[in-house]
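# A structural walkthrough
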2 protein chains.
Amino acid sequence: MAIADRKAKEKDDLKALILKGAKKLFVDKGVEQTTIRSIAESIDYSVGTVYLYFKDKNAILHSLHTQGFSQLSGDFKVLYNVNDPMERLKALGKVYIQFAGDNPDMYDLMFTLKAPMDFLDAINEEEWNEGKATFDVLHTTVKQCMAIGHFTGHKSEPLSFMIWSLVHGMCSLEISKRCTGVNIKNPEHIVTNAYAEFIKLIDKL
Amino acid sequence: MAIADRKAKEKDDLKALILKGAKKLFVDKGVEQTTIRSIAESIDYSVGTVYLYFKDKNAILHSLHTQGFSQLSGDFKVLYNVNDPMERLKALGKVYIQFAGDNPDMYDLMFTLKAPMDFLDAINEEEWNEGKATFDVLHTTVKQCMAIGHFTGHKSEPLSFMIWSLVHGMCSLEISKRCTGVNIKNPEHIVTNAYAEFIKLIDKL
DNA sequence: TGTAAAAATGAACAATGTTCATTTACTTTG
DNA sequence: CAAAGTAAATGAACATTGTTCATTTTTACA
């Protein structure tokens, strides 16, 4: 059955090749330039072939979104070195913000665009595993903060969601260009400055 | 010059009619169903006519976005009755969240979608007056809170942006369906519950 | 080597935003 | 009031998208 194995490998390889082409286009030129035609052309295959390996464009974008979460998980690894939960929480936000700033299109795909969620809907998948795992990193850290006496009187889950929202909101407003033209003195540093306020704030809790 | 006046009025009327049709489509069926053709058809004019009154689709979406800010300003009026700045701040967030929940597509257009900002870029407009005015409502309230002794040690502007981010982030995650499937016990109430944590938090400051 | 299965192709379709030559309606003028 | 000129409206046509599927090409195997 060596031939079948090789064929399976070739299928996997081509699927990976399509994704690689899609990723490069996505990172270099953004979502709207990442068309099925441009993907096919970039890897010298026909449009129809792409559809043999992916159900539709949402499936491709969902795969890219998953790759984004892998990247982000990788970035989170530096947090293993931070022992104090409170310091780890602060660093977590910093890493998250850094990721969003460095990969705005990917961030949008992961946390804003409809495509990945529409894909999950289409395959009747209830869970959003990538988001769940990421939220758990935060939630676990918050619970550890509470275990050593912080955030008394708060509920860990909604508090974690609040923190996620706070950081996501800053990234989202920045990426969608809602910071400039709003009378903010240093719009280029507003996210950093606002996050500094957040740190000041939780240092009191 | 009565004729010219009447003609000017007719131009304004038709422009308003196009917007009315666009608004209805937008509210009823969402952005992607709001096509130039569907707008034209809904008011019994041709596609070409729409382009005589609006430069392109971004111009229409920008007008709708401005209407959204008018709505939101209207909703803010109830805040005039709240004298205590701290209570007003809390109520401001509630009204904002309510607006986003009631008008998710409009909220997306106002705070997430590229179209309105691309329109501003296209006409070389640096300022985002709608956003600016809305941010000022928040910023002013925060400054009033500080004037009566709250948020000591904080800078009003980045703190205001932080609060905006927090509330926007919750709305944004909800609208882009990032709350369900993330292991949250009551995803349908997570925004309300998380905002309650925020209120608990600022009550200490 | 010939045949059946698998893989790849790209023309074709529907829907979109946009343009522009043509037609229609209206205003002004002699 | 009729003709000429101007303004407004039209909708066919174009380019670009995601998507499909009949056809062609390649591969596996007897």
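So, a few notes on the structure that sits alongside this text.

What counts and how
Residues numbered from 1 in each chain as written. Chains lettered and ligands numbered in written order. Predicted model: local features only at pLDDT ≥ 70, side-chain atom pairs only at ≥ 80, totals over all residues. Helix = DSSP H or I, 4+ residues; strand = E, 2+ residues; numbered from the N terminus. Buried ≥ 20, exposed ≤ 12 C-beta atoms within 10 Å, placed from the backbone. Contact = placed C-beta atoms within 7 Å. Nonpolar A, V, L, I, M, F, W, Y, C, P; charged D, E, K, R; others polar. Least-squares fit on C-alpha atoms with pLDDT ≥ 70 in both. Near = placed C-beta within 6 Å. Core = buried A, V, L, I, M, F, W, Y, C linked by C-beta atoms within 7 Å. Axes fitted to C-alpha atoms, helices over the stretch in contact; angles between N-to-C directions. Parallel < 35°, antiparallel > 145°, perpendicular 65-115°, else oblique.

Turning our attention to the overall build of chain A. Secondary structure summary: chain A contains 10 helices and 0 strands in total. When its C-alpha atoms are laid out on the principal axes, chain A stretches across 65 × 45 × 30 Å. Within the span of chain A, comprising 205 residues, buried residues form 38% of the whole. The contacts of chain A with a sequence gap of at least 6 include a subset with a gap of at least 24, amounting to 59%.

The next thing to look at is the interface of chain A and chain B. Facing the 40 residues of chain A at the interface are 40 residues of chain B. Considering every element that reaches the side of chain A that touches chain B, the biggest residue donor is helix α9 (residues 156–175) of chain A, with 12 residues. Per-class residue counts for the side of chain A that touches chain B are 17 nonpolar, 12 polar and 11 charged.

This brings us to the relation of the copies chain A and chain B. Each of the two copies of the chain can be brought onto the other by a rotation about an axis and a shift along it. Superposition record for chain A on chain B: RMSD 0.0 Å, screw rotation 180 degrees, translation along axis 0.0 Å. Look at the turn and shift together and you get a two-fold axis relating the two. Counting the interface residues of chain A, we find that 100% of their copies in chain B are interface residues as well, pointing to one common contact surface.

What follows concerns the protein's contact with DNA strand D. Surrounding DNA strand D, one finds 18 residues, the nearest of these being T35, G48, D56 and K57 of chain A together with G48 of chain B. Where the surface near DNA strand D is concerned, the elements lending two or more residues are α2 (36–42) and α3 (47–53) of chain A together with α1 (2–29) and α3 (47–53) of chain B. Looking at which element gives the most residues to the surface near DNA strand D, the answer is α3 of chain B, with 4 residues. Tallied by class, residues from the surface near DNA strand D come to 8 nonpolar, 5 polar and 5 charged.

Turning our eyes to something else, we now look at the nonpolar core. M170 of chain A together with M170 of chain B are the most contacted members of the largest nonpolar core, which totals 102 residues. For M170 of chain A, the contacting residues outside a window of four places in its chain are I97, V191, A194 and Y195 of chain A together with S165 of chain B.

It is worth spelling out the protein's contact with DNA strand C at this point. As a matter of local geometry, DNA strand C sits amid 18 residues, with G48 of chain A together with T35, G48, D56 and K57 of chain B nearest to it. At the level of secondary structure, the elements contributing two or more residues to the surface near DNA strand C comprise α1 (2–29) and α3 of chain A together with α2 (36–42) and α3 of chain B. Classifying every residue of the surface near DNA strand C by side-chain character gives 8 nonpolar, 5 polar and 5 charged.

What follows is about the environment of L14 of chain A. By secondary structure assignment, the location of L14 of chain A is in helix α1. In the structure, L14 of chain A is positioned 39 residues away from Y53 of chain A in sequence and 8.0 Å away in space, judged by C-alpha atoms.

This paragraph deals with the packing of α9 of chain A against helix α10 (residues 190–203) of chain A. Residues and elements named next belong to chain A. Where α9 contacts α10, the axes come no closer than 11 Å and their chain directions differ by 170 degrees. Relative to α10, the element α9 is oriented roughly antiparallel. Here L166, M170 and E174 of α9 come into contact with α10, specifically with V191, A194, Y195 and F198. The residue inventory of the contact of α9 with α10, partitioned by class, reads 6 nonpolar, no polar and 1 charged.

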